[in-house]
Amino acid sequence: MQEIKHIPAEKFKLVQRDDQIFDAKFQTKPIGYFKDAWLRFKRNSASVAASYIIGAIIVFGIVVPFFSKYDLAYADAVYAKARPKLSIFKGTGFWDGSKSMKYNDKYLVYTVGIGYAEVNGDGKNSVSWEAEFKDGKSTYRNVKVDSYRSIGFLYMNVSREAYDEIVAWEKKTGKQILFPMIDYSNEFAASDEADANLWYKVDQREYAVDNEGKRLTLAQIQKNGLFDNYLRDKDGNVLYSVPKDKTMIGVRVLYYNYYQMKHGYEPANAFGTDGQGFDIMVRMAHGVRLSLLLSIFVSAINFIIGSIYGSITGFYGGWIDLILERLTDILGGMPFIVVATLFQLYFVQTGKVSVFVGVLFAFVLTGWIGIGVRVRTQFYRFKNQEYILAARTLGASDIRLMFKHIYPNAIGTIITSVALIIPGVILSESTLSFLGIVSFHGKTMASLGTMLGSGQQYLSTDPHILFFPAGVISLMMISFNLFGNGLRDAFNPSLRGVDD
């Protein structure tokens, strides 16, 4: 046995004899459940980008109706299908209201007649053409024209007060609205009535006919210019108006300038106009509002109903769960489109509820089932945990156990489910509107789906009518799905505290 050596007392030294010893202070801040979820969400760059896009779309829907010079009820049938136009792109050929057309000689001359193009193509406001080709009879050219100015002249009946107002505006601004009336009694109209109708329909300022009423070719017009065909009085003076009755006067106006007088600004729609002359940008903003408002209402109602249903069935189980599950089986087997159609037929079209409320009811009738099933699963998962049994032993009521101890542990799954409801509602509403089952079209409401449905017929000729609402719907669908995926990963309890 080893001998223990004696250690002198002076070798011992007391440490911190007069000081109190405390636990070392944590150098990092504690991280709660939601803060941990937020930190993990921020690391998902796709979800963060999606949230910015969603925010931009929401701002677009809120801000545009307040700052646009047009409102939801605005419609000008004359400028139906006008191309997108922004003043900053004027003359660039991009987003300046211009469109590409295939013109024969007659319609190319028409662009000269309405005063916004020169036939030789070298003027300040000229129409340029290229790729001349023939179909065996006529010569056609690819030209780019201003969709707002190409409207040209319109015949109108105005009151004498309105006529005086036009004349006063012309003197004030120096811009001409009233142009000479056309003489329809010439030999050209009488000799070739069918062709003359088309010729007069385009109604250029100066007709391409010679003194004998024969149509001039483009080459002759370039060489000799245009001959007028104005209506004149017995003294040979050009007539700018003709009386219709005691109060109305018939006039021929250049609509582009008349529009300026009527509204106080030049016609320019940032996203163009649809087939009825509605401003696309304003209607898109209201469509975004409606889609988001509908999806938020549906999500909130489904969240409440689904949470109550899932909590009761998951917590109590037994015969209560059995009966309620059979109820969801019946409701879940009802096709959504059939339900939505029936609501429209028996509630909306009979005037009992509005279109919005009818669609809302259709979504809510079966939309809560998915959340209810998820909540029920979470309750079955947590209700037999030790901390629940301990709370029950201490006298906690069923309501307290359900919504104080179990429900918070299921909140991550529930939030994710609610977030993913939004894109589903937007897509379903767009589908119903596109199919014509519901209609939000008119001067009081608009939806993206209805805009898609009314714009599909113009896909080949005026694609901008369909492009903008389709683009916004696509962005919303992709963004909300990425955003929901980010929430799913952020609120996943198994990833708590895990660093990527």
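Definitions and limits used
- Residues numbered from 1 in each chain as written.
- Predicted model: local features only at pLDDT ≥ 70, side-chain atom pairs only at ≥ 80, totals over all residues.
- Heavy atoms only, no water.
- Helix = DSSP H or I, 4+ residues; strand = E, 2+ residues; numbered from the N terminus.
- Buried < 20%, exposed > 50% of the residue type's maximum accessible area, 1.4 Å probe, protein only.
- Contact = heavy atoms within 4.5 Å.
- Areas by Shrake-Rupley, 256 points an atom, 1.4 Å probe, with all protein chains shown as cover.
- Salt bridge = Lys/Arg side-chain N within 4 Å of Asp/Glu carboxyl O.
- pLDDT = per-residue confidence, 0-100.
- Patch = residues over 30% accessible without salt bridge, like charges linked within 9 Å, V, L, I, M, F, W, Y side chains within 5 Å.
- Polar contact = N/O pair within 3.5 Å; in protein donor to acceptor, adjacent residues only side chain to side chain.
- Axes fitted to C-alpha atoms, helices over the stretch in contact; angles between N-to-C directions.
- Parallel < 35°, antiparallel > 145°, perpendicular 65-115°, else oblique.
- Left-handed = near helix turned anticlockwise from the far one by under 90°.
- Nonpolar A, V, L, I, M, F, W, Y, C, P; charged D, E, K, R; others polar.
- Core = buried A, V, L, I, M, F, W, Y, C linked by side-chain atoms within 4.5 Å.
- Phe/Tyr/Trp six-rings, centres within 6.5 Å; stacked < 30°, edge-to-face > 60°.
- Lys NZ or Arg CZ within 6 Å of the ring centre and 35° of its normal.

### With respect to the overall build of the protein
And step 1. Counting secondary structure elements, the protein contains 18 helices and 7 strands.
And step 2. Within the protein, the fraction of its 500 residues that count as buried is 43%.
And step 3. In the protein, the share of contacts with a sequence separation of at least 24, taken over all contacts with a separation of at least 6, comes to 72%.
And step 4. As displayed, the protein has an accessible area near 28500 Å², and 59% of this comes from carbon and sulfur atoms.

### What about the pattern of salt bridges?
Where charged atoms from two side chains of opposite charge approach closely, those side chains can pair.
And step 1. The tally for this structure, following the rule as stated, stands at 4 salt bridges.
And step 2. Ionic pairing is found between Asp-462 and Arg-83, a salt bridge with its closest N-O pair at 3.3 Å. Of this pair, Asp-462 sits in the loop between helix H17 (448–455) and helix H18 (464–490) while Arg-83 is found in the loop between helix H2 (45–67) and strand E1 (98–104), placing the two residues 379 residues apart along the sequence. The same class applies to Asp-462 and to Arg-83, which are both buried.
And step 3. For Asp-398, the salt bridge is made with Arg-392, and the minimal N-O distance between the two is 3.8 Å.
And step 4. Using a relative accessible area of 27% as the deciding quantity, one classes Asp-398 as partly exposed.

### Considering the confidence of the model for the protein
Should the pLDDT be low somewhere, the predicted coordinates at that spot are not to be read in detail.
And step 1. Across the protein, pLDDT averages 77, with 79% of residues at or above 70.
And step 2. Across residues 117–131 the pLDDT falls below 50, and counting only partners more than four positions away or on other chains, this stretch makes 39 contacts in the model.

### What about a nonpolar patch on the surface?
And step 1. Nonpolar side chains collect at one region of the surface, where Ile-58, Val-59, Ile-62, Val-63, Phe-66 and Phe-67 lie side by side and expose about 620 Å² of accessible area between them.
And step 2. By the element assignment, Val-63 lies in helix H2.
And step 3. On the basis of relative accessible area, Val-63 is assigned to the partly exposed category, the value being 34%.

### What to know about the side chain of Asp-462
And step 1. Asp-462 gets classed as buried once you look at its relative accessible area, which sits at 7%.
And step 2. A polar atom in the side chain of Asp-462 sits 3.1 Å from the side chain of Thr-461.
And step 3. Contact partners of Asp-462, with chain neighbours within four places excluded, come to Lys-81 and Arg-83.

### What about unusual backbone geometry?
And step 1. One non-glycine residue, Lys-81, lies in positive phi territory at about 65°.
And step 2. For Lys-81, the position within the fold is in the loop between H2 and E1.
And step 3. Judged by relative accessible area, Lys-81 falls into the partly exposed class, the value being 32%.
And step 4. In this structure, Trp-95 takes a positive phi of about 55° despite not being glycine.
And step 5. You can call Trp-95 partly exposed: its relative accessible area is 27%.

### Let's talk about the packing of helix H9 (residues 280–316) against helix H15 (residues 398–406)
Packed helix pairs are specified by the crossing angle of their axes together with the interaxial distance, meaning the distance between the axes.
And step 1. Remark: H9 packs on H15, axes separated minimally by 11 Å, with the N-to-C direction vectors making an angle of 110°. Judged by the inter-axis angle, H9 sits roughly perpendicular to H15. The handedness of the crossing between H9 and H15 comes out as right-handed. Where H9 approaches H15, its residues Ser-311, Ile-312, Phe-315 and Tyr-316 are matched on the opposing element by Asp-398, Leu-401, Met-402, Phe-403 and Ile-406.
And step 2. Of the residues that constitute the contact of H9 with H15, the class distribution is 7 nonpolar, 1 polar and 1 charged.

### A short note on the nonpolar core
And step 1. Ranked by size, the top nonpolar core spans 35 residues in total, and within it Leu-294, Val-298, Val-359, Phe-379 and Phe-440 carry the most contacts.
And step 2. Looking at this core, the elements with two or more residues in it are H9, helix H11 (336–348), helix H12 (355–367), helix H13 (369–382), helix H14 (386–393), H15 and helix H16 (411–435).
And step 3. Looking at this core element by element, the count peaks at 7 residues for H12.
And step 4. Phe-379 has contacts with Gly-310, Ser-311, Gly-314, Phe-315, Met-402, Ile-406 and Tyr-407, leaving out every residue within four places of it along the chain.
And step 5. If you look at the next biggest cluster of nonpolar residues, it comprises 25 residues, including Ile-422, Leu-448, Met-451 and Leu-452.

### Notes on the packing of aromatic side chains
And step 1. In the structure shown here, the tally under the stated rule is 24 aromatic pairs.
And step 2. When the centroid spacing of 6.3 Å and the interplanar angle of 55° are considered together, the rings of Trp-95 and Phe-271 count as tilted. Separated by 176 residues along the polypeptide, Trp-95 in the loop between H2 and E1 and Phe-271 in the loop between helix H8 (255–263) and H9 bring together distant segments of the chain.
And step 3. Judged by centre distance (6.1 Å) and plane angle (70°), the rings of Tyr-259 and Tyr-265 are edge-to-face.
And step 4. For Tyr-259, a relative accessible area of 1% gives the class buried.
And step 5. Through successive ring pairs, a cluster of aromatic residues spans Tyr-70, Tyr-74, Tyr-79, Tyr-148, Tyr-255, Tyr-258, Tyr-259 and Tyr-265.
And step 6. If you follow Lys-85 out to its NZ or CZ, it ends over the ring of Tyr-148, 5.0 Å from the centre.
And step 7. Directly above the aromatic system of Tyr-256 lies the positively charged group of Arg-149, at a separation of 4.1 Å from the ring centroid.

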